[in-house]
Amino acid sequence: MSPNLRSTLLAALTAATALAAPCLPAHAAGTDPWVRAWGENAQGQLGNGSVLAQQTPAAVIGIARDDVRELSGGGGGAAAAANPFAVALLKDGTVKSWGSNATGQLGNGTTTAQSFPATVAGLSGVSEVSAGLNHVLAVKGGRVLAWGSNASKQLGTGQDTTNPYKAPIPVQSLDKR
């Protein structure tokens, strides 16, 4: 396997490691309440407050398994632009994000990476969330919202721009009507 392909695969797998924790056997839930992640961590994508690789499962800061409705890992592509990150939809309808933020995919109004989960401002009442390559889609009240990279116009903003959107915006023409 070429070094570039290996790096790409590692980045893609790393972004998804947070997804493995909720799939633990039911007996583990009683003794370990935390969402856990492990692997490479150069962009803080493990959510443990550092950028050091983690060889064994470690708690994602402040995210208890019982509070999570959905977890989604994003990033991937060419190794130099892997941008691994994760989002969590909590049962209270809020969204937390962490990891790479090169294209605003954390929805926090910046392009600065963060190694710990933080709430996506202004979002509540969310029912679904999904991380893409370098963007996120969420459903709130039957309306689809998007943020992050718009390099291929994947956010559906109706704008002829490839600028990233650093905060959630409505996707044009997609609502519950």
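**Student:** Requested: an account of the overall build of the protein chain, with residues and values cited.
**Tutor:** Counting its secondary structure elements, the protein chain contains two helices and ten strands. Order of helices (α) and strands (β) in the protein chain, N terminus to C terminus: α-α-β-β-β-β-β-β-β-β-β-β. For the protein chain, with 177 residues in total, the buried portion stands at 42%. A total accessible area of about 8,600 Å² is found for the protein chain, and carbon and sulfur atoms account for 56% of it.

**Student:** Please set out the pattern of salt bridges residue by residue, giving values where relevant.
**Tutor:** Applying the stated rule across the entire model yields one salt bridge. Notably, a salt bridge pairs Asp 32 with Arg 36, separated by 2.6 Å at the nearest N-O pair. Relative accessible area serves as the criterion here: at 15%, Asp 32 is assigned to the buried category.

**Student:** How would you sum up the nonpolar core? Please name residues and give values.
**Tutor:** Val 87, Val 95, Leu 123 and Val 129 are the most contacted members of the largest nonpolar core, which has 14 residues in total. Elements represented by at least two residues in this core include exactly strand E4 (85-90), strand E7 (126-131), strand E8 (135-140) and strand E9 (143-148). Residues within four places of Val 95 in sequence aside, it is in contact with Val 87, Ala 88, Leu 89, Ala 118, Thr 119, Val 120, Leu 123, Val 126 and Val 129. Within the second largest apolar cluster, eleven residues are counted, among which are Val 35, Val 60, Val 68 and Ala 86.

**Student:** Requested: an account of the sheet that holds E9, with residues and values cited.
**Tutor:** Sheet architecture is open: four strands sit in the order E7-E8-E9-E10, paired in antiparallel fashion. Sheet topology places E7 and strand E10 (165-170) at the edges, where each strand pairs with a single neighbour. Adjacent strand axes in the sheet meet at a mean angle of 15° when their direction is disregarded. As paired strands, E8 and E9 are joined by six bridges and run antiparallel to one another. Each residue of the ladder has a partner; that of Val 136, found in E9, is Trp 147.

**Student:** Describe the confidence of the model for the protein chain, and please don't skip the residues or the numbers.
**Tutor:** Segments scoring low in pLDDT should not have their predicted coordinates read at a detailed level. Per-residue confidence for the protein chain averages 81 on the pLDDT scale, and 77% of its residues sit at or above 70. Mean pLDDT in the protein chain bottoms out at helix H1 (residues 3-16), which sits at 33, and peaks at strand E5 (residues 95-99), which reaches 98. Under a pLDDT of 50 for its full length, residues 1-29 has, in the predicted model, 37 contacts with residues more than four places off or in other chains.

**Student:** Please provide a residue-by-residue account of the sheet that holds strand E3 (residues 68-74), values included.
**Tutor:** With antiparallel pairing, four strands are arranged side by side in an open sheet as E3-E4-E5-E6. Every other strand in the sheet has two partners, leaving E3 and strand E6 (114-119) as the edge strands with one partner each. For this sheet, the mean inter-axis angle between neighbouring strands, taken without regard to orientation, is 15°. As judged from the five bridges shared by E4 and E5, these two strands associate in the antiparallel manner. Looking at E5, one finds that Leu 89 is bridged to Val 95.

Conventions adopted
Residue numbering note: each chain is counted from 1, following its sequence as written. Per-residue local features of the predicted model are confined to residues with pLDDT of at least 70, and side-chain atom pairs are confined, for both listing and counting, to 80 or more; whole-chain, interface and lining totals are unaffected and use all residues. To get the side-chain values, take all heavy atoms of the structure and skip hydrogens and water. Strands here mean DSSP runs of E at least two residues long; helices mean DSSP runs of H or I at least four residues long; both are numbered from the N terminus. Per-residue accessibility, obtained with a 1.4 Å probe over protein chains only, is compared with the maximum for each type, and a residue is labelled buried under 20%, exposed over 50%, and partly exposed between these values. Residue burial considers only the protein chains on display, and all accessible areas are found by Shrake-Rupley using a 1.4 Å probe. Salt bridges are counted wherever a side-chain nitrogen of Lys or Arg sits within 4 Å of a carboxyl oxygen of Asp or Glu. The set of buried Ala, Val, Leu, Ile, Met, Phe, Trp, Tyr and Cys residues whose side-chain atoms join them within 4.5 Å is what this entry labels a nonpolar core. Contact between two residues is taken to exist if any of their heavy atoms lie within 4.5 Å; hydrogens are not considered. Two strands are counted as paired when DSSP detects at least two bridges linking them. To define axes, lines are fitted to C-alpha atoms, for helices over the stretch in contact only, and angles between the resulting N-to-C directions are given on a 0 to 180 degree scale. Per-residue confidence from the predictor is reported as pLDDT, which spans 0 to 100.

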